[in-house]
Structure formats: C-alpha cells, structure tokens
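Here is how the chains run, residue by residue.
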Amino acid sequence: MSGGHDKSTLGVRSGDYDMAPVASDVFERMVVRGTVNGDDFRIIYKSPIFPTSSFAHAHDLKPELAAKIQQCFFAFRFTPEMTKEFNGDDRFVPITYKETWAVVREVAEKTGTPYNKAGYEAESKREAEALAKKQ
C-alpha cells in the first residue's frame, strides 16, 4: 500500500511499482494539473466507475431532519475552484448504497473484505489486537 492513489501513480512513474490500482478521477486530475504525463502510463484495466465519496445519515434519523440535510446537500453548489478540481462537476448528486456502491461491495467481497457485519467485526478485532500490541 502506497498511502494513496496519487502516491501510487507517482510510484509507478518513478519505477518503485510495476503497476498500481488508481482511481481514474485522481489520475485524470494529476494529468490536468501537469503532475504527470498521461502518455507515460499504460492503462491495463478500467473498472466500472466507483463512487468517489459520499455522505450518509443514520437509517433511523427523524425523516424531517434527514430531508433537511439532503435538501442542503443537493442545493449546495461548488465553488469555481471545486468545480475545476472535480472535472466540471458542480454539485452533490443522490446515490444509493444498493446500486451505486454495488461495484465497491463486489470488489470487497472478491478480495475477502466484505462490507457486512462479519467483515466489520473481523476488522474491528484486527484493529483492537494491533492496538493492544502497541500498548
């Protein structure tokens, strides 16, 4: 693990890594900024688009409050700098865990790190054991 998509890209460019999985939006921003030359890379696989980031609320939040929070997010418009950074996107859009995050769950399950209660409990246990070893 390099510590981030940008670091993975730079690691491939410098020869530290033969290849790396990198989010296409991160790679594209690095090319647009001139941080890397896109022609210096060979893309060997493109996955379906992953959701870049998201905000969520608890399932049992009062419906009136959930609606107000959603209204604020969807009414907000990015600053020109943010719009430029996000390749022209200027707002948050609604997504669903079931549909939009399906590709993320599929990758997680196929790599042995499923987004389910058992996976969460296993990761929590691993983190607790790592913390106990440090103390």
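Figured I'd write up the structure that's included with this text.

**A look at the overall build of the protein**
- For the protein, the helix and strand inventory stands at 7 helices and 0 strands.
- Taken over the C-alpha trace, the protein has a radius of gyration of 19 Å; the compact-globule value for 135 residues is 14 Å, which it surpasses by more than 25%.
- In the protein, buried positions account for 14% of the 135 residues.
- Of all intrachain contacts in the protein linking residues separated by at least 6 positions in sequence, the fraction that spans at least 24 positions is 32%.
- Of the roughly 11200 Å² of accessible surface on the protein, a fraction of 57% belongs to carbon and sulfur atoms.
- With 19 positive and 20 negative side-chain charges, the protein shows a spacing of 3 Å between the two charge centroids.

**A short note on the environment of I49**
- Locating I49 in the fold gives a position in the loop between α2 (24-33) and α3 (63-75).
- Between the C-alpha atoms of I49 and A23, which are 26 residues apart in sequence, the distance is 8.7 Å.

**A word on the environment of G11**
- Position of G11 relative to the elements: it lies in helix α1 (residues 5-14).
- Residues in contact with G11, not counting those within four places in the same chain, are D16 and Y17.

**Points about a nonpolar patch on the surface**
- A contiguous nonpolar surface patch, about 410 Å² in accessible area, is contributed by M19, I44 and Y45.
- Relative to the helices and strands, M19 resides in the loop between α1 and α2.
- On the accessibility criterion, M19 (60% relative accessible area) is exposed.

**Re helix α6 (residues 102-110)**
- Taken together, the buried positions of α6 are occupied by V103, V104, R105 and A108.
- Elements that come into contact with the buried residues of α6 comprise α5 (97-100).

**Quick look at the packing of aromatic side chains**
- If you walk through the whole model with that rule in mind, you get 8 aromatic pairs.
- Aromatic pair F27 and F41: ring centres 5.2 Å apart, planes at 80 degrees, arrangement edge-to-face. One end of the pair, F27, is in helix α2; the other, F41, is in the loop between α2 and α3, with 14 residues separating them in the sequence. F41 matches F27 in its accessibility class, with the two residues each being buried.
- Measuring from ring centre to ring centre gives 4.8 Å for F55 and F73, while their planes differ by 40 degrees; the resulting arrangement is tilted. Of this pair, F55 sits in the loop between α2 and α3 while F73 sits in helix α3, placing them 18 residues apart in sequence.
- Following the ring pairs from residue to residue traces out a cluster consisting of F55, F73, F76, F78, F86 and F92.
- The cationic tip of R105 hangs over the ring face of Y97; the distance from NZ or CZ to the ring centre is 4.6 Å.

What counts as what
Residues numbered from 1 in each chain as written. Predicted model: local features only at pLDDT ≥ 70, side-chain atom pairs only at ≥ 80, totals over all residues. Heavy atoms only, no water. Helix = DSSP H or I, 4+ residues; strand = E, 2+ residues; numbered from the N terminus. Rg over C-alpha atoms; globule rule 2.2 N^0.38 Å. Buried < 20%, exposed > 50% of the residue type's maximum accessible area, 1.4 Å probe, protein only. Contact = heavy atoms within 4.5 Å. Areas by Shrake-Rupley, 256 points an atom, 1.4 Å probe, with all protein chains shown as cover. Lys, Arg positive; Asp, Glu negative; His and termini not counted. Charge placed at Lys NZ, Arg CZ, Asp CG, Glu CD. Patch = residues over 30% accessible without salt bridge, like charges linked within 9 Å, V, L, I, M, F, W, Y side chains within 5 Å. Salt bridge = Lys/Arg side-chain N within 4 Å of Asp/Glu carboxyl O. Phe/Tyr/Trp six-rings, centres within 6.5 Å; stacked < 30°, edge-to-face > 60°. Lys NZ or Arg CZ within 6 Å of the ring centre and 35° of its normal.

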